[in-house]
Structure formats: structure tokens, C-alpha cells
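Single-letter residue listing:
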Amino acid sequence: MNETSYFYILPFFGDIRNIKFIITFFFLIYVVGVLINSSIITVICLEVQLHKPMYLFICNLSIVDIFFTSVTVPKLLHMLLSGNHIVSSAQCYTQFYFFCLAGMVEEILLFVMAYDRYVAICLPLHYHQILSRRNCSLITFGIWAVAILNSLMVVSLLISMSSCHSNVIHQFFCDAKSLTKTTCTASEMLFVVLNTEMSMLAGIPMMCILISYGKIFSLIFKMKTKESRKKAFSTCSSHVTIVSIYYVAGPPEDSSDAEAHVGLVPGHIGSG
């Protein structure tokens, strides 16, 4: 069982200058992101013509984006404003759970959206049969169910590990890499599960996306007219852009070694 009752979050190294600018910057990014995604969800829900598979998945993607920022940014702003960087273990693991959940949903959604474009371009006559309202509802429910259960399993494994190293987290939120650094009984099972997670919920969707677009572009280049090719490209260009940004940027990494900087926070080291 995890013995750490709290963690100390260090989002930045050294003295923080222009703290007001940093707070304002993150606050504006958060507000703009929430407003844009909320607007997308509202428009899709209110506009009957947008009640189509692709827009259903876009709506879910917007919900996930709100999840991502709401899980991390408000807590970061609270720490910067209050100066209190201590979070309880319950808060830390809850934050990691929802971050993990959002990440899994987004990765699977990006693959499903790629499949949607594949069916629309390569199998247009079967589009409404394959991606019917019932099938889309089942797919959406399945994505969230898998992500919820999978996140619970990962968090349960992390909680079961005993903490004996520094409880300082050199990151602006509680992530898997930082949490595993605080444990001293990380079992082989944990690393097997985490590696399996990476391959199944990151590698496989990316591979399927590449296969889908390989077939899409192969068909597009075979089209005889320029207008047909232009129309086909326009139907998937936005999704290609989203996928490119997501996989090029990648998930946040903890580039520091927690034990190398324990001297920065005297009195907040140990098992709590």
C-alpha cells in the first residue's frame, strides 16, 4: 500500500520571475480553450445538420480537450496564486486518473475519426450502414468504458506500490513517470502493464491511423479529376492536422530526475 500521504509539486525550477505574467498566460490559454471547445459542443448539439458520425466524434474530442486542461491548469493556477504546492495523495492520484482517462479516450477517438474518413472516402455507399447512429453510440460508449476501466487498473497498480523515495514531483501535475519515481517496490507487473498501455493505446491507434490514411491517399491519387481529389482531401485535412499536432507534440514529459533536486524543498521529503 502507498504510504505517502502527500506530494510536493514543483512545476518550475529555481526562482519564478514574472509570476503574474505566467498566471495570466495560463489562465488565458485555459479560458480560450474551454470557450472554443464549449462553442463547438454547443453548435454541434443545436445544429441538426451536424448530427452526423464525424461531428459526434468531434464533440467528444472537444469534451476530452476540456477534460485535459481542467484536470491540470486550475490546480496549477491555485498553486501559483496560493504558494501552496502540497497536494494529498488522493488528489494526486485522482488527477492522474482523469488525465490518463482523457489521454486514452483522445487516442482511441483519433483512430475512430480516421476510420470514419476511410469509410466516407473509400466505402461511401456503405457509410450509413457501417456508421449508423446505433453503431456510433455503441462505439462512443465503448471508448469511454474501456478508458475508464483501463485508467482504474493503472491507478490501482500505482497506489499499491510503496513509497520510499522523494515525494517531490518535478512536473506541473501528477503524471505516471513522476509517480513511479516515488515508489520503491515498483513490480515487473507495473512496468509490463505500462509498456502494454503504451503499445496498445498509443502504438496500435497510430498504426491504424497510418493504414487508414495510406488507403485513403492511395484512392485519392487514383481519382481522375482534380475536383474529386480536392474534395476528398478537404474531408480529411482537418483530422490530419489534429493527428499531426497530437503525435508530434506528444504527452508531457518529466525531463528531470526527482532525486537530483530534493535539496530545493527541505522539509517535504520522505514518506510524509
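The structure displayed is predicted, hence computed values, not measured ones. (Residues numbered from 1 in each chain as written. Predicted model: local features only at pLDDT ≥ 70, side-chain atom pairs only at ≥ 80, totals over all residues. Heavy atoms only, no water.)

The next thing to look at is the overall build of the protein chain. Looking only at helices and strands, one finds eight helices and three strands in the protein chain. The order of helices and strands in the protein chain, counted from the N terminus, is β-α-α-β-α-α-α-β-α-α-α. In the protein chain, which comprises 272 residues, the proportion classed as buried is 41%. Taking all contacts inside the protein chain whose residues are at least 6 apart in sequence as the whole, residues at least 24 apart take part in 80%. Working note: accessible area of the protein chain is about 14,900 Å², and carbon and sulfur atoms make up 68% of it. (Helix = DSSP H or I, 4+ residues; strand = E, 2+ residues; numbered from the N terminus. Buried < 20%, exposed > 50% of the residue type's maximum accessible area, 1.4 Å probe, protein only. Contact = heavy atoms within 4.5 Å. Areas by Shrake-Rupley, 256 points an atom, 1.4 Å probe, with all protein chains shown as cover.)

This structure, assessed with the given rule, holds nine aromatic pairs. Aromatic pair Phe68 and Phe99: ring centres 5.1 Å apart, planes at 70°, arrangement edge-to-face. Of this pair, Phe68 sits in helix H2 (residues 53–82) while Phe99 sits in helix H3 (residues 89–122); the two residues are 31 residues apart in sequence, bridging distant segments of the chain. Taking the relative accessible area as the measure of exposure, Phe99 reaches 16% and is therefore buried. For the pair Phe99 and Phe173, a centre-to-centre distance of 4.5 Å together with 40° between the ring planes defines the contact as tilted. Of this pair, Phe99 sits in helix H3 while Phe173 sits in the loop between strand S3 (168–169) and helix H6 (176–181); the two residues are 74 residues apart in sequence, bridging distant segments of the chain. The pair formed by Phe99 and Phe173 is uniform in burial state, with each residue classed as buried. These aromatic residues form a ring-pair network of at least three members: Phe67, Tyr97, Phe98 and Trp144. (Phe/Tyr/Trp six-rings, centres within 6.5 Å; stacked < 30°, edge-to-face > 60°.)

The UniProt feature table records "transmembrane region" (unreviewed entry) at residues 20–46, 53–76, 96–115, 136–159 and 198–221. A helix fraction of 100% and a strand fraction of 0% characterise residues 20–46, whose end C-alpha atoms lie 38 Å from each other. Segment residues 53–76 splits into 100% helix and 0% strand. End C-alpha atoms: 35 Å apart. (UniProt positions renumbered as here; feature names shortened; annotations may be inferred.)

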